[in-house]
Amino acid sequence: MNLDPVVEIVRLEESAQGTFGALRVNKQLLCLTLEPPERQNQRDVSCIPAGQYRCVRTVSPRFGETFAVQDVPGRSGVIFHGGNTVEDTRGCVLLGERFAPPGGARGVQDSKRAVAAFLEALRGHDAFHLTIHRHN
């Protein structure tokens, strides 16, 4: 039996510069995340509200194979994809291998490698449950 992986985003920092976190698959750190700041779940400019979601494999015309976050209240088209700064998010979840160094624009780096690792970790799965919560 091929059980769904356990995927979670642990939010580490929330500020006007973005919502930064860590993505874990089956309790193992896989990569870092960047979402927009919290703006009352407004489409394209806000992070996903903390909670539990179902994610399904999809193909984005712009980003290729990825996963879509289902049932975000009042929103659709929320996916995991590559990018570096909050301007690249459009309300989605960016993946990176490391945070951008201080001094420049806040963001994540090595996004293409992080997306590849994410897809590899979820190979053979067409869906998973995602939990998003704050680090205590």
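Look up a bit, the structure's there.
Residues numbered from 1 in each chain as written. Predicted model: local features only at pLDDT ≥ 70, side-chain atom pairs only at ≥ 80, totals over all residues. Heavy atoms only, no water.

### A few points about the state of the cysteines
Summed over all chains, the structure comprises 0 disulfides. The thiol of Cys55 is not disulfide-bonded; the next cysteine sulfur, from Cys92, is found 11 Å away. (Disulfide = S-S within 2.5 Å.)

### So, the pairing of strand β4 (residues 51-60)
Within a regular strand, the side chains alternate between the two sheet faces. With 6 bridges connecting them, β4 and strand β10 (residues 127-134) associate as antiparallel partners. For Cys55, the partnering residue across the bridge sits in β10 and is Phe128. With 6 bridges joining them, β4 and strand β5 (residues 64-69) adopt antiparallel strand pairing. Residue pairing in the sheet places Thr58 in a bridge with Thr66 of β5. (Pairing = 2+ DSSP bridges. Helix = DSSP H or I, 4+ residues; strand = E, 2+ residues; numbered from the N terminus.)

### Digging into helix α1 (residues 111-121)
For α1, the set of buried residues is Ser111, Ala114, Val115, Phe118 and Leu119. Within α1, the buried residues cover an arc of 135° as seen down the axis, which keeps them to one side. Summarising the geometry of α1, the exposed residues directed more than 90 degrees from the buried face are Lys112 and Arg113. (Buried < 20%, exposed > 50% of the residue type's maximum accessible area, 1.4 Å probe, protein only. Arc of directions from axis to C-beta.)

### Some points on the layout of surface pockets
Here the largest pocket is characterised by a volume of approximately 240 Å³. Taken together, the residues that form the lining of the largest pocket break down as 5 nonpolar, 6 polar and 6 charged. Its boundaries defined by the atoms lining it, the second largest pocket holds a volume of some 160 Å³. Taken together, Arg62, Phe63, Glu65, Thr66, Phe80, His81, Gly82, Gly83, Ser111, Lys112 and Val115 make up the full set of residues lining the second largest pocket. Elements with a minimum of two residues in the lining of the second largest pocket: β5, β6 (80-81) and α1. At 3 residues, the largest contribution of residues to the lining of the second largest pocket is made by α1. Across the lining of the second largest pocket, the residue classes tally to 3 nonpolar, 5 polar and 3 charged. (1 Å grid on protein atoms, 1.4 Å probe; cavity = no way out; pocket = protein on both sides within 12 Å on 5 of 7 lines; lining within 4 Å. Points joined across faces, edges and corners; volume = space filled by probe spheres on them. Nonpolar A, V, L, I, M, F, W, Y, C, P; charged D, E, K, R; others polar.)

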